Amino acid sequence: EKGKPEETDVTALVTEIVEEIVPRTFHVDMFDLPVMFAERLKLEQVFTNLISNAVKYTQQEEGYIIVSAKELPDCYEFSVKDNGIGIDPEYHEKIFEIFQTLREKNEKESTGIGLAIIKKIIEDQHCTIRVNSTPGAGSEFIFTWPRINII
């Protein structure tokens, strides 16, 4: 079932998510986020997951998250970047597999909508997600989302 694309102000969307789930000790910057036509709920699920992961894996008081976008010919490329613990390259593919978490199975924080579901939402849009990360130097999740032109 495809939702109907609606005009979505991505700055407002991300701001709402940040107010709900990001601790006050964090600094969040947003750059170049578009107003676009999108299935708002699905885009919201993706950002909520990526931002909550950024919070979960950033231990220091000086948590810093940057959410930004680039306009490409047929899509937008979004980035959610943090200064958290980072992810070892050997796990970069694995983290998108179903129920894969790098934490202990019984830790309640690992519940909720996982990266595998996010990846499926994005692939259903014929788009992609990838991660750039170095242990100790934070993570950046980069995903694309369709540009829909409404006449």
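Residues numbered from 1 in each chain as written. Predicted model: local features only at pLDDT ≥ 70, side-chain atom pairs only at ≥ 80, totals over all residues. Heavy atoms only, no water.

Caption draft 1: View of the overall build of the chain. Of the regular secondary structure elements, the chain holds three helices and seven strands. Shown N-terminal to C-terminal, the secondary structure of the chain runs as helices and strands in the order β-α-β-β-α-β-β-α-β-β. Buried residues in the chain amount to 41% of all 151 residues. In the chain, 72% of the contacts between residues at least 6 apart in sequence involve partners at least 24 apart. Carbon together with sulfur atoms contributes 52% to the accessible area of the chain, which is approximately 8,900 Å² in total. (Helix = DSSP H or I, 4+ residues; strand = E, 2+ residues; numbered from the N terminus. Buried < 20%, exposed > 50% of the residue type's maximum accessible area, 1.4 Å probe, protein only. Contact = heavy atoms within 4.5 Å. Areas by Shrake-Rupley, 256 points an atom, 1.4 Å probe, with all protein chains shown as cover.)

Caption draft 2: Just unusual backbone geometry, in detail. You will see that Asp32, though not glycine, has its phi angle at about 60°, which is positive. With respect to the secondary-structure elements, Asp32 resides in the loop between strand S2 (27-31) and strand S3 (35-38). Non-glycine residue His126 carries a positive phi angle of around 60°. Examined against the element boundaries, His126 turns out to sit in the loop between helix H3 (115-124) and strand S6 (129-133).

Caption draft 3: Examining the nonpolar core more closely. Ranked by internal contacts, the top residues of the largest apolar core, which has 36 residues, are Phe47, Ile51, Phe78, Phe143 and Trp145. Examining the composition of this core, we find that seven residues originate from one element, helix H2 (residues 40-56), more than from any other. The residues touching Phe47, leaving out its near neighbours within four places in the chain, are Val10, Leu13, Val14, Ile17, Val67, Phe78, Val80 and Phe143. (Core = buried A, V, L, I, M, F, W, Y, C linked by side-chain atoms within 4.5 Å.)

Caption draft 4: Seen up close, the sheet that holds strand S7 (residues 139-146). Ordered by their spatial adjacency, five strands build an open sheet running S2-S4-S5-S7-S6, and the pairing between neighbours is mixed. The sheet is open, and its two edges are formed by S2 and S6, each paired on a single side. Between one strand and the next, the sheet's axes are offset by a mean angle of 15°, whatever the strand orientation. Here S2 runs beside strand S4 (residues 64-71); their pairing, made up of five bridges, is parallel. Bridged to Phe31 within S4 is Ser68. Contacting S2, S4 and strand S5 (75-82), helix H1 (residues 10-21) runs over the sheet at an angle of about 170° to S2. Each of S6 and S7 touches H3; the most contacted strand, S7, lies at about 30° to it. (Pairing = 2+ DSSP bridges. Axes fitted to C-alpha atoms, helices over the stretch in contact; angles between N-to-C directions.)

Caption draft 5: The packing of H1 against H2, seen in detail. At a minimum axis distance of 10 Å, the contact between H1 and H2 shows a crossing angle of 45°. Comparing the axis directions of H1 and H2 gives the class oblique. Every pair of crossing elements has a handedness; the one defined by H1 and H2 is right-handed. Along its contact with H1, which presents Val10, Leu13, Val14, Glu16, Ile17, Val18 and Ile21, the element H2 presents Arg40, Leu43, Glu44, Phe47, Thr48, Ile51, Ser52 and Val55. For the contact of H1 with H2, the per-class residue count stands at ten nonpolar, two polar and three charged. (Parallel < 35°, antiparallel > 145°, perpendicular 65-115°, else oblique. Left-handed = near helix turned anticlockwise from the far one by under 90°. Nonpolar A, V, L, I, M, F, W, Y, C, P; charged D, E, K, R; others polar.)

Caption draft 6: Structural detail: the packing of H2 against H3. Contact geometry of H2 with H3 gives a least axis separation of 10 Å together with a crossing angle of 145°. In the crossing of H2 with H3, the sense of the turn from one axis to the other is left-handed. Judged by residue contacts, Lys42, Gln45, Val46, Asn49, Leu50 and Asn53 of H2 engage Leu115, Ile118, Ile121 and Ile122 from H3.

By themselves these figures say nothing about function.
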